Amino acid sequence: MDSILRGILFLLGSGIVFTFADSLAKAATLTLPVMQVAWGRYIFHFAVLPAFGERPFAGASWSIHGWARILRTRHLGLQMARSLLLLVVTLSYFGAIHYVPLADAAAVAFLEPLLIMALAHVFLKDRVGPRRWIAVAIGLVGVIVVIRPGFGMAHWGILLAALTAICAAAYVVLTNVCSRYDSAATSLAYSSLAGVIGLSIAMPFVWQPADYMHWLMFLGLGLAGGYGHFLVIKAFATVPGSTLAPFLYVQMLWIVAAGWFWFGDWPIWSTWAGIGLIVGSGLYSLHRERVRSRQRARILRES
């Protein structure tokens, strides 16, 4: 399997895992404060970190030496910036899905791929051809089609989803930079550090009684969040961000399915039309990347 396809599969897998986590979070925020749900997600995420080595869940070490090895980084400032950005992403997105339907919040948050491509082009010097810009734009149109009926009477929670997109794009670009110097396990550890510390300090002020089902949700959020971010880190360590960006849209498929199965939100015709545009843009981007790969290989053979 070539590295580009492997990176894309990592990203698609992370979308399924994150959709499960989003559904758990929405269900939990119906009865608990958003900050408490985010704290539960972070605390269990951090607790299972040693299980994520180069082979997740294999060779885990919860010793002091194991933690020291995971937290060793060559760029502490960048890792802490990533951590703070992810905390903002988590709180803003959990707040958004508390107030608006899951598909609406997710669709607005899917402004992220366009922002990733722009930031990667500017700061990481990723080459982005006009056809891939068009593919991402078409995917964005698909997202707008999915949520078209809601734009006329948008809840202010939609603004939280927009904040999610901005901070998530910056987080992904920094993840790409850090992946050049630190292991996936190290980046994963720092992803949760600000959330564990900051939200633990806030808990005495917002805590509400939680039953065993809430704790199971926290555990599920921690495991899904940890593994999802591990897959994202592996994806962006394998493939440039501008290549992966359109495939982030495919998660809309999983989100629509989860919204229908879990919360009874049956998609209307515009949702299906939007999904067609989203998936089509991702497939076209894959086609263009394969064309470029063949062209590069031919140039190397001829040189």
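The shown structure was predicted, so the numbers you read here are calculated from the model rather than taken from an experiment.

A.B. asks: Before we move on, could you go through the overall build of the chain and cite the residues and values that matter?
C.D. replies: Helix and strand counts for the chain stand at 13 helices and zero strands. In the chain, the succession of α and β elements from N to C terminus is α-α-α-α-α-α-α-α-α-α-α-α-α. Per-residue burial for the chain yields a buried fraction of 52% across its 303 residues. A separation threshold of at least 6 residues defines the contact pool for the chain, and within that pool the share at least 24 residues apart is 88%. Counting only carbon and sulfur atoms, one obtains 71% of the accessible surface of the chain, whose full area is about 13800 Å².

A.B. asks: An account of helix H8 (residues 157-178) is requested, with residue identities and associated values reported.
C.D. replies: With 22 residues, H8 should cover 32 Å at 1.5 Å per step; its first-to-last C-alpha distance of 31 Å lies within 8% of that length. With respect to burial, H8 is a largely interior element, 16 of its 22 residues being buried.

A.B. asks: Just give me the short version of the packing of aromatic side chains, but keep the residues and values in it.
C.D. replies: Taken as a whole and assessed by the stated rule, the structure comprises eight aromatic pairs. On the numbers, 5.8 Å between centres and 10° between planes, the contact of Trp262 with Phe263 is stacked. The partly exposed category is assigned to Trp262, whose relative accessible area is 36%. A residue is classified by how much of its surface remains accessible, and Phe263, at 23% relative accessible area, is partly exposed. Within the aromatic cluster, the residues linked to one another by ring pairs are Trp39, Phe44, Trp207, Trp215 and Phe218. If you follow Lys26 out to its NZ or CZ, it ends over the ring of Phe263, 5.7 Å from the centre. It is Arg41 that lies over the ring of Tyr42; its NZ or CZ is 4.8 Å from the centre.

A.B. asks: Describe in detail the environment of Arg74, supporting the description with residues and values.
C.D. replies: The topology assignment puts Arg74 in the loop between helix H3 (64-71) and helix H4 (76-99). Sequence-wise, Arg74 and Tyr181 are 107 residues apart; in three dimensions their C-alpha atoms are separated by 6.7 Å. Ignoring anything within four residues of it in the chain, the contact list for Arg74 reads Tyr181 and Asp182.

A.B. asks: With reference to specific residues and values, describe the side chain of Thr175.
C.D. replies: Structurally, Thr175 is set in helix H8. With relative accessibility at 1%, the residue Thr175 sits in the buried group. Ignoring anything within four residues of it in the chain, the contact list for Thr175 reads Arg82 and Ile233.

A.B. asks: Please provide a residue-by-residue account of the confidence of the model for the chain, values included.
C.D. replies: The pLDDT averaged across the chain works out to 80; a share of 86% of its residues lies at or above 70. Averaged pLDDT values for the elements of the chain fall to 63 in H3 and rise to 91 in H4. In this model residues 54-62 is a low-confidence stretch, pLDDT under 50, and it forms 20 contacts with partners more than four residues away in sequence or in other chains.

The rules behind the values
Residues numbered from 1 in each chain as written. Predicted model: local features only at pLDDT ≥ 70, side-chain atom pairs only at ≥ 80, totals over all residues. Heavy atoms only, no water. Helix = DSSP H or I, 4+ residues; strand = E, 2+ residues; numbered from the N terminus. Buried < 20%, exposed > 50% of the residue type's maximum accessible area, 1.4 Å probe, protein only. Contact = heavy atoms within 4.5 Å. Areas by Shrake-Rupley, 256 points an atom, 1.4 Å probe, with all protein chains shown as cover. Expected span 1.5 Å × (residues − 1). Phe/Tyr/Trp six-rings, centres within 6.5 Å; stacked < 30°, edge-to-face > 60°. Lys NZ or Arg CZ within 6 Å of the ring centre and 35° of its normal. pLDDT = per-residue confidence, 0-100.

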